[in-house]
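Understanding the architecture of this molecule
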Amino acid sequence: MHLYLEGTVKDVDTIRYSSADSMRKRGVEVFPETELLEVLPAEHAIRVRDLKSGEERKENYDKLILGLGMAPNILPLPGLDLEGVELFGGRDQAVLLEKLEHSPEVENVVILGGGYIALEAAMCFNKAGKKVTMLNRAERLIDTHLDKELTDILTAEIEQQGIKFLPNVNVTEIEGKDGKVSVVKTEQGDFLADLVLTCVGNHPNTEILKGTLDMDERGFIKVDEYQETSAKDVFAAGGSTQMIFNPIDGKLNIDLATNARKQGRVAAKNLEEKHFPYTGMQGTSALKVYDYYFSSTGLTAMAAERLGVNFGQVYLETLALDEYLPEEMNAKVYAKLVYNKDNKRVIGAQILSKHDLTGLMQAVSMAIKGKLTYEDIAFGDFFFQPLFNRPWNVLNELGLKAMKEEA
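Predicted model only: the values in this text are computed from it and were never measured.

**Examining the sheet that holds strand 20 (residues 311-319)**
Read across the sheet, five strands follow the order 18-19-22-21-20 without closing on themselves; strand pairing throughout is antiparallel. Two strands bound the open sheet, and with one partner strand each, they are strand 18 (285-289) and strand 20. For this sheet, the mean angle separating the axes of adjacent strands, direction not counted, is 10°. Most of the contacts of helix 5 (residues 148-160) go to strand 22 (residues 346-353), to which it runs at about 25°, and overall it touches strand 18, strand 19 (292-298), strand 20, strand 21 (332-340) and strand 22. Along the sheet face, helix 8 (residues 360-369) touches strand 19 and strand 22 and points at about 175° away from the line of strand 22.

Okay, structure coming up:
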């Protein structure tokens, strides 16, 4: 959505990887505006509703793949029904927000949340010249992806760009005048608002499956390594499922399109015969925040501690290139490695710089999947050219620092 709001993409309807027409050309029947109401495994059938006509019907299946995705969390706050209180997500919201972004009636934008989506929204409206305030219940910005050393740098950057970021904020109410939002009330004070965007996370869109399929306490669908659910011939893929998470050799959910697409393909490969297991994911992602590029993979130190992992961590500040190169060609690099102290395995990493080094996290992602250690990283074979990197790659340096720490 942010590519559309920033004007990089002019037509919102082009932001997609397929369409009903393109799928039909490949032999796939598509039924838009059709709601799934119930899955009936004993009958090998589903019950659906046509949203145009209101008609309900049953459809039989031999094999079923569910891709129900995630639904946005709705805060239990008075005032959510006021004009000017919106969710940040989906095509219709993108069209509306693009209009509001350029509306002279919108001056003060308050964003509830501090994650990826909230940060993207804040940057879009900030670049459009609006006064943006982010109210976050957590202590730090994007704390599910980066540890404090890196989030401190990004927080300073967005504040320098004019975004006001307030942590540990408890919103109590959204007030309005004549049916339109005007103030966000919090325990820390009141904030003027012409537009309020709620970006406070998602939950699995699996309410209709309760009592039908095995799910965990949060509503994520339990699947085996072939993506089959507890019901025979019913498979599931994407954000609403439990996923194999390689850094802990266990199950976790990370809602990323990359994971969903791979799971969907694995499910399709196993429809006739279960022979192609899903090998898991590392939760690798990246984002550009003004002039900074960051990427992360695996566990942060905070996540490792929460999961009870006996972990170690090393943090490094260095330069992207050799010191003899001109300063305007070079940039500082902030990087972190997280590892399991019991077996030396790499379980996470993060990198931040104005030099785009995000691709290094792809290498760490594969290292996690391959169960490599910080010693493997320390002496890993990375190419060297002065205009690209240093003789000792940043990852080499992180591995060497971990070896020194654990010596």
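There is more to say after this.
**Observations regarding the sheet that holds strand 7 (residues 108-112)**
On the basis of which strands lie adjacent, the open sheet formed by five strands has the order 6-13-7-8-9 and parallel pairing. Where the open sheet ends on each side, the last strands, each with one partner, are strand 6 (85-87) and strand 9 (164-166). Averaged over all neighbouring strand pairs, the angle between strand axes comes to 20°, with direction disregarded. Sheet topology places strand 8 (residues 131-135) next to strand 9; three bridges connect them, and they run parallel.

**Observations regarding the pattern of salt bridges**
In total, this model carries 24 salt bridges according to the counting rule given. Close ionic contact of Arg24 with Asp21 constitutes a salt bridge, the shortest N to O distance being 3.5 Å. Of the two residues, Arg24 and Asp21 both sit in helix 2 (residues 20-25), three residues apart, roughly one turn of that helix. Taking relative accessible area as the criterion, Arg24 reaches 40% and is therefore assigned partly exposed. Sharing partners across several salt bridges, the network here consists of Glu35, Glu38, Arg47, Arg49 and Glu56.

What counts as what
- Residues numbered from 1 in each chain as written.
- Predicted model: local features only at pLDDT ≥ 70, side-chain atom pairs only at ≥ 80, totals over all residues.
- Heavy atoms only, no water.
- Pairing = 2+ DSSP bridges.
- Helix = DSSP H or I, 4+ residues; strand = E, 2+ residues; numbered from the N terminus.
- Axes fitted to C-alpha atoms, helices over the stretch in contact; angles between N-to-C directions.
- Contact = heavy atoms within 4.5 Å.
- Salt bridge = Lys/Arg side-chain N within 4 Å of Asp/Glu carboxyl O.
- Buried < 20%, exposed > 50% of the residue type's maximum accessible area, 1.4 Å probe, protein only.

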